[in-house]
Each structure stands twice: as structure tokens, then as C-alpha cells.
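# Residue-level structural notes
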Amino acid sequence: MQGTQTLPLAQRLPITEGLLLLVAIFWGTSYGLTKSALLYTSALMFITLRFSITALVLLPLVVRDFKAGLNKDWVVALPTGAILSAIFLCEVFGVAHTTASNAAFLISLCVLFTALAEVLVNRQKVAWSLVLLCVASVVGVLLLTGSDGARVDFTLGDYLILLAALLRALMVTTTKRFSLGRAVTTTTLTAIQSAVVAGVAAILVLSTLPQSQWHLPTESTFWVTLLYLVAFCTLFAFYVQNYAVRRTSPTRVALLMGSEPLFGALFAMLWLQETFTFAQSLGAGLILFSVMLTSLRRESGQH
């Protein structure tokens, strides 16, 4: 990880980095859609449905991989699934108790936490140029989301979002550490993680919600929204994250996926006809600069 080199034009923006940017784009559209879906059901029921469907869709492929003997080390997926469960619970309940701008800024700190976790957990040296790009990206998010006078007073919601950012960093670094060189396919890794999240959420639904809230929504709008989120923001997104973290550094993964607020703001601008202030434009430029420079450079020895 110590050095970087600029590739010929034809090899720039390779598949891994391009897929991570697609994830950031899809996640940028997910906030508004998730809010609309939550008009029809509780947050816990929504998480249960979203991840149950994801696990069921992947089940035939997982069975195929087990039959082929490709999943001898499948148990390594369980701890990362537990971490993912904690991330979603912190984010769902954190957003309910803080502002959207505070949440966007605090969750963006994941890129800095990931660089630190990569050093402490995986014992890997992170290039200073990559750390500086992480800082630039976080500053960009602060400018992009701070137009409404956002300030962090550290309410319960702020603490939960900050914990989610720490857990995101732990998620990508432990996935790298646990799965590297292990006999488990990316499909199985994604499916088991999803099943764990669905199981935890289902237990919480049954133990904390009244029975009147256990029913499934019948509105077509809810199911169309849910299927979009399952297909692009869960199935595709977490498969790509698991795929990418096994092929490049967790810090690069976090930085590229951390461009999500930029695409969320662009989606709001195009869909809701919102406009950018000068500070927001500067913030968007910083995020874009960080993402593109990270995408167009690769670590020495990466294939």
C-alpha cells in the first residue's frame, strides 16, 4: 500500500472503483426512498423485509457454492453480519434523533475511521496521500451538508450516527481480515450478512413491537420502492463492498463509497429542483476531486 502510480488512460477508473462509485450513486438516492417506504411500516419491519428478501434471492447461489465446496470457511461471515446489524440499527434510530445534515457529516467520518482501523486492526500502512484525500472528502461533506447551519450538539442521535460511522469502518476492515484467503464466496458472504441482519431485526420486531404492527404493507408503492432498494442498495451494494474490500484496501473502499452525500445532493438538485450555494458547490468539488484522484490511481502491486 505504500506507493501509488498513475495508469495509462485506457486502464484508468478500473472495474472495482467504478462499481464502488455506482454504489455511492445508488445509496445517494436511497435516503428519500427509504423515508417514503417508512410511511407504510416501521423501521424494524422494513429492515427485516429488506434483508430477508436479499438473503432469499441469493440462497440458490449460496447452495450452489456450498455444493461446489467453495464455502468451507463460511463461519467468518457471521461476525461481519453482526456488525452490519448494529450499523443499521444505529443509523435508523440515529437519524430519527438528529438532523439530516448532522447525520451526513458524522457518517462521512467513516473514511477517517477506516484509515485508522486499517492501521490498528489490519496492521497495514496507509499512504499519507490517501489520508489527505479522506480529510478533503470529509471537509467537502461538511461544506455540502452545512447550508442549514448544521452543528453537532451531540444528542443521542449524533452519538448513534457517530457509532455507526465507527462500525462501518470496523465492518470493512474486519471483512478484509476475516475473508482474505478464506474459502467463502462473495455471494455467500453477502447472503449470510443479510440473513444475520434480517434475523436480528425480526427478533426485535417480535419482542418490541405490538402484534398489530407485524402485518405486511399492501400498497404497491411500498413494494416497488422496497424492491428497488433490495436490488440496487442492498444486493448490488453489499456484494460490491464485499467484492471490493477483498481486492483493494478498506480505506479506498470507504473513500469511494463515502462520496454518497455528493450523489444524494445531486439527486435532490435534479429531482427536487434544489440549488447549490457557493459553499455547497465547493464541498461537492472537494468530494469529486478526492473520489476521482482515488479512482485514477492504484496501489503498487494491485491487480
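About the criteria used
Residues numbered from 1 in each chain as written. Predicted model: local features only at pLDDT ≥ 70, side-chain atom pairs only at ≥ 80, totals over all residues. Heavy atoms only, no water. Helix = DSSP H or I, 4+ residues; strand = E, 2+ residues; numbered from the N terminus. Buried < 20%, exposed > 50% of the residue type's maximum accessible area, 1.4 Å probe, protein only. Contact = heavy atoms within 4.5 Å. Axes fitted to C-alpha atoms, helices over the stretch in contact; angles between N-to-C directions. Parallel < 35°, antiparallel > 145°, perpendicular 65-115°, else oblique. Left-handed = near helix turned anticlockwise from the far one by under 90°. Nonpolar A, V, L, I, M, F, W, Y, C, P; charged D, E, K, R; others polar. Phe/Tyr/Trp six-rings, centres within 6.5 Å; stacked < 30°, edge-to-face > 60°. Salt bridge = Lys/Arg side-chain N within 4 Å of Asp/Glu carboxyl O. Patch = residues over 30% accessible without salt bridge, like charges linked within 9 Å, V, L, I, M, F, W, Y side chains within 5 Å. Areas by Shrake-Rupley, 256 points an atom, 1.4 Å probe, with all protein chains shown as cover. Core = buried A, V, L, I, M, F, W, Y, C linked by side-chain atoms within 4.5 Å. Expected span 1.5 Å × (residues − 1). Bend = angle between axes of the 7 residues up to and from the residue. pLDDT = per-residue confidence, 0-100. Lys, Arg positive; Asp, Glu negative; His and termini not counted. Polar contact = N/O pair within 3.5 Å; in protein donor to acceptor, adjacent residues only side chain to side chain.

## Things to note about the overall build of the protein chain
What the protein chain contains, in helices and strands, is 12 helices and two strands. The helix and strand sequence of the protein chain, counted from the amino end, reads β-α-α-α-α-α-α-α-α-α-α-α-α-β. Burial statistics for the protein chain: of 303 residues in total, 50% are counted as buried. Contacts in the protein chain between residues far apart in sequence, at least 24 positions, make up 91% of those at least 6 positions apart.

## What to know about the packing of helix α1 (residues 15-37) against helix α9 (residues 220-245)
Remark: α1 packs on α9, axes separated minimally by 9 Å, with the N-to-C direction vectors making an angle of 150 degrees. By the angle between their axes, α1 is roughly antiparallel relative to α9. Here α1 and α9 pass one another in a crossing that is left-handed. Across the contact of α1 with α9, the residue classes break down as 19 nonpolar, seven polar and no charged.

## A word on the packing of aromatic side chains
Within the structure shown, the criterion is met by nine aromatic pairs. Arranged with centres 5.2 Å apart and planes meeting at 85 degrees, the rings of phenylalanine 222 and tryptophan 223 form a pair that is edge-to-face. Taking the relative accessible area as the measure of exposure, tryptophan 223 reaches 25% and is therefore partly exposed. Among the aromatic residues, those joined into a cluster by ring pairs are Phe26, Tyr228, Phe232 and Phe236.

## Points about the pattern of salt bridges
Tallying each qualifying case throughout the model produces three salt bridges. Here glutamate 17 makes a salt bridge to arginine 252, at a shortest N to O gap of 2.4 Å. On the criterion of sequence distance, the pair formed by glutamate 17 in helix α1 and arginine 252 in helix α10 (residues 250-257) is long-range, its members being 235 residues apart. A residue is classified by how much of its surface remains accessible, and arginine 252, at 3% relative accessible area, is buried. Of the charged contacts, one joins arginine 168 and glutamate 91 as a salt bridge, the two residues approaching to 2.9 Å between their closest N and O atoms. Of the two residues, arginine 168 sits in helix α7 (residues 156-179) while glutamate 91 sits in helix α3 (residues 77-95), which places them 77 residues apart along the sequence. Here arginine 168 matches glutamate 91 in class, with each residue buried.

## Quick look at a nonpolar patch on the surface
A cluster of nonpolar side chains, Phe66, Trp74, Val75 and Leu78, forms an exposed patch at the surface whose accessible area comes to about 350 Å². Note on placement: phenylalanine 66 falls in helix α2 (residues 43-67). When its relative accessible area of 38% is taken as the criterion, phenylalanine 66 is described as partly exposed.

## Looking at the nonpolar core
Among the nonpolar cores identified, the biggest contains 68 residues, and Leu20, Trp27, Phe51 and Leu84 are the most heavily contacted of them. The element that contributes the greatest number of residues to this core is α9, accounting for 11 residues. Not counting chain neighbours up to four residues away, the residues in contact with leucine 84 comprise Phe51, Met171, Gln193, Val197 and Phe238.

## A word on α9
Over its 26 residues, α9 extends 36 Å from the first C-alpha to the last, a length consistent with the 38 Å expected when each residue adds 1.5 Å. When the local axis directions of α9 are compared, the greatest deviation, roughly 35 degrees, occurs at valine 230.

## Regarding the packing of helix α6 (residues 128-145) against α10
Contact geometry for α6 and α10: axes closest at 10 Å, N-to-C directions at 25 degrees. One way to sum up the angle between α6 and α10 is to call them roughly parallel. Crossing angle aside, the handedness with which α6 passes α10 is left-handed. Contacts between α6 and α10 involve Leu130, Leu133, Cys134 and Ser137 on the former and, on the latter, Thr251, Arg252 and Leu255. Counted by class, the contact of α6 with α10 contains four nonpolar, two polar and one charged residues.

## A short note on the confidence of the model for the protein chain
Per-residue confidence for the protein chain averages 82 on the pLDDT scale, and 86% of its residues sit at or above 70. Note on residues 1-12: pLDDT under 50 across the span, and 24 contacts to partners over four residues away in sequence or across chains.

## Overview of the side chain of arginine 50
Within the secondary structure, arginine 50 sits in helix α2. For the buried arginine 50, which has no salt bridge, the nearest side chain bearing the opposite charge is glutamate 91, at an N-O separation of 7.6 Å. Polar side-chain contacts of arginine 50 include one of 2.6 Å to the side chain of threonine 234.

## Topic: the environment of glutamate 219
Looking at the element boundaries, glutamate 219 is found in the loop between α8 (186-208) and α9. Given the relative accessible area of 35%, glutamate 219 is considered partly exposed. Taking the C-alpha atoms as reference points, glutamate 219 and tyrosine 40, separated by 179 residues in sequence, lie 7.8 Å from one another.

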